[in-house]
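A structural walkthrough
Listed below are the residues making up each chain.
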Amino acid sequence: MTRKVLLFGARSLAIVSVVIIVQLGLLSVFLEKTYECVSSNRTLAPLRSGTEERPGRNIPDWEKTLDFTGFNNETGTADGHYIIPNYVHFLKFQYATFNFIHMICVLAAFKHQRPEKLFIHTDVPEFYGKYWEVLINTPGFKEVLVIKKMDLPKEVFGQPLNPAWAGFHGGDVARLIVMRKYGGIYVDNDSYLIRNMDDLRRYEMVVAYRPGKPMMNQVVLAHKDARLLKEWQDGYKDYRPGDWYYNAGQQPGRVLRERPYLVHSLPDLLGTYDIRRLIYLRRWRDWKTYYSCHLMVRWVRKYRHIGYPNPIEEKDVLKYDNTFVDMIQDVYDIKRLKRKKGLAYREN
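Residues numbered from 1 in each chain as written. Predicted model: local features only at pLDDT ≥ 70, side-chain atom pairs only at ≥ 80, totals over all residues. Heavy atoms only, no water.

Our focus in this paragraph is the overall build of the protein chain. Assigned secondary structure in the protein chain consists of nine helices and 15 strands. Per-residue burial over the protein chain gives 47% buried out of 348 residues. The contacts of the protein chain with a sequence gap of at least 6 include a subset with a gap of at least 24, amounting to 70%. Looking at the protein chain as shown, the accessible area adds up to about 18,900 Å², and 54% of this sits on carbon and sulfur atoms. (Helix = DSSP H or I, 4+ residues; strand = E, 2+ residues; numbered from the N terminus. Buried < 20%, exposed > 50% of the residue type's maximum accessible area, 1.4 Å probe, protein only. Contact = heavy atoms within 4.5 Å. Areas by Shrake-Rupley, 256 points an atom, 1.4 Å probe, with all protein chains shown as cover.)

A separate point is the environment of Tyr273. Tracing the backbone through its elements, the reader meets Tyr273 in the loop between strand E12 (264-265) and helix H8 (276-280). We classify Tyr273 as buried; its relative accessible area is 11%. Taking the C-alpha atoms as reference, Tyr273 lies 8.4 Å from Cys293; in sequence the two are 20 residues apart. With residues near it in sequence (within four places) discarded, Tyr273 still touches Ala208, Tyr209, Arg210, Lys213, Pro214, Met216 and Pro267. Of note is the side chain of Tyr273, whose polar atom sits 3.0 Å from the backbone nitrogen of Arg210. A distance of 2.8 Å separates the side chain of Tyr273 from the backbone oxygen of Pro214, its partner in a polar contact. (Polar contact = N/O pair within 3.5 Å; in protein donor to acceptor, adjacent residues only side chain to side chain.)

Looking now at the side chain of Asn162. Within the fold, Asn162 resides in the loop between strand E7 (159-160) and helix H5 (166-182). Side-chain polar atoms of Asn162 contact the backbone oxygen of Pro241, separated by 2.9 Å. With near-sequence residues (within four places) excluded, Asn162 lies in contact with His169, Tyr239 and Pro241.

Attention now moves to helix H7 (residues 246-258). Taking 1.5 Å of rise per residue, 13 residues should cover 18 Å, and H7 covers 17 Å from first to last C-alpha, within 8% of that figure. Every buried residue belonging to H7 is among Tyr246, Asn247, Ala248, Gly249, Gln251, Pro252, Gly253, Val255 and Leu256, and all of these are buried. (Expected span 1.5 Å × (residues − 1).)

So, in structure tokens, the structure goes:
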């Protein structure tokens, strides 16, 4: 009798063990599939929507509040759908007129990106002048233009910005305010968009970053809820007024050194690390393989030995045989000039 009881108990224990093993196996498969789903970002679950959802209206992901935990910035969205809006942002503080280079960069962004909206965030009540007229008379430009009133920041987290660098540090703070509100494509006033960036809009955030170097901030693409945007902005709680680029590039670069997965990095193709020699000193055949480039016009004085003026004006452009000429002519119908003994004159 005792032996039968023991055999029955052993059989029952074996059956229970098999059931448990099967259940554990099924649980393992479930967790693995769940992890794959999160990692590949098949769905980005919104925490809340900033726009009231109406029946029959599909709200795009860039208008939603998204949680990017576990998002794969190597591959982007699994099906390639866009999560960064096709908005281009420029800042324009204190000056009501556009110089030649700024006009060229706005024109390049409009013609090459074809944005849904092109924002100019400004403290100027009204723009005027020759190059503003060029912009607003470009077909289709007025239809996408959005001018937003914005004061140049003078402080951050209660700390006054260095008055000696008010325009630069204020602009650094302003771009973060804008990007965290709207998301999109931020472009410096001397950064030139070479080609369309739609294939980059499937990532959480796109920047130029080289390990061990500062992050470059002249061209930035991001969803408004990108994780690095918040950490970058929070880094200003330790604002260092005596350091030109600490908060703008070194601090976010340190974050990326520890957590590079927060962004999709294009260290070369955004053209924000110094490529002046390729732009100003030669005819660079491969420039159209880049997405953008930082023209670094404030540092062109380095090439004064070849007679490069600072600032660069329209009348100076065709004095030179370089990539810069090609870039301008790609977006702007400049009057043809002839070269004679290093000087330029108008063709009769």
